[in-house]
Amino acid sequence: MNIRIISVFIYLFLLFPIIKAQNLAKIYGNVVDEDGSPIENATIILKDNSNLGTSSNANGRFDLLVPHDKNLIIEVSCVGYESTQQSVYVPKGKRKEIN
């Protein structure tokens, strides 16, 4: 009996991220400066939900999962640079590149 209950909890624990991911779309892109050079460790967040965010890698590249079918404002910031914002809409099942 205990093994069955534990198995159900493990199954639900592993399934939850898959179910939750179906409600998300992907935004990706590159953070660069005025000269086109990549900006490492820039912070990319949703303006109205700072819990959803990421940072750019050494090549300025980032990927961010966001709610789909909503108008979103993405904010990009990094020490030594002026912050910028961009409005984005990503339909369900689609990906959107922003730079």
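What counts, and at which threshold
- Residues numbered from 1 in each chain as written.
- Predicted model: local features only at pLDDT ≥ 70, side-chain atom pairs only at ≥ 80, totals over all residues.
- Heavy atoms only, no water.
- Pairing = 2+ DSSP bridges.
- Helix = DSSP H or I, 4+ residues; strand = E, 2+ residues; numbered from the N terminus.
- Axes fitted to C-alpha atoms, helices over the stretch in contact; angles between N-to-C directions.

Draft legend 1. Spotlight on the sheet that holds strand β6 (residues 84–89). Strand order in the open sheet made by the 4 strands is β3-β2-β5-β6, with antiparallel pairing throughout. Looking along the sheet, the strands with just one partner apiece sit at the ends: β3 (49–55) and β6. Put simply, the sheet's adjacent strands are angled 25° from each other on average, direction ignored. Note that strand β2 (residues 43–46) and β3 share 4 bridges and pair antiparallel. Bridging across to β3, Thr-43 finds its partner in Ser-55.

Draft legend 2. Main features of the sheet that holds strand β7 (residues 95–98). The strand order across the open sheet formed by 3 strands is β4-β1-β7, and the pairing between neighbours is mixed. Among the strands making up the open sheet, the edge pair consists of β4 (61–67) and β7. Averaged over all pairs of adjacent strands, the angle between their axes in this sheet comes to 25°, without regard to strand direction. Relative to β7, strand β1 (residues 24–30) is paired through 4 bridges, and the arrangement is parallel. For Gly-29, the partnering residue across the bridge sits in β7 and is Ile-98.

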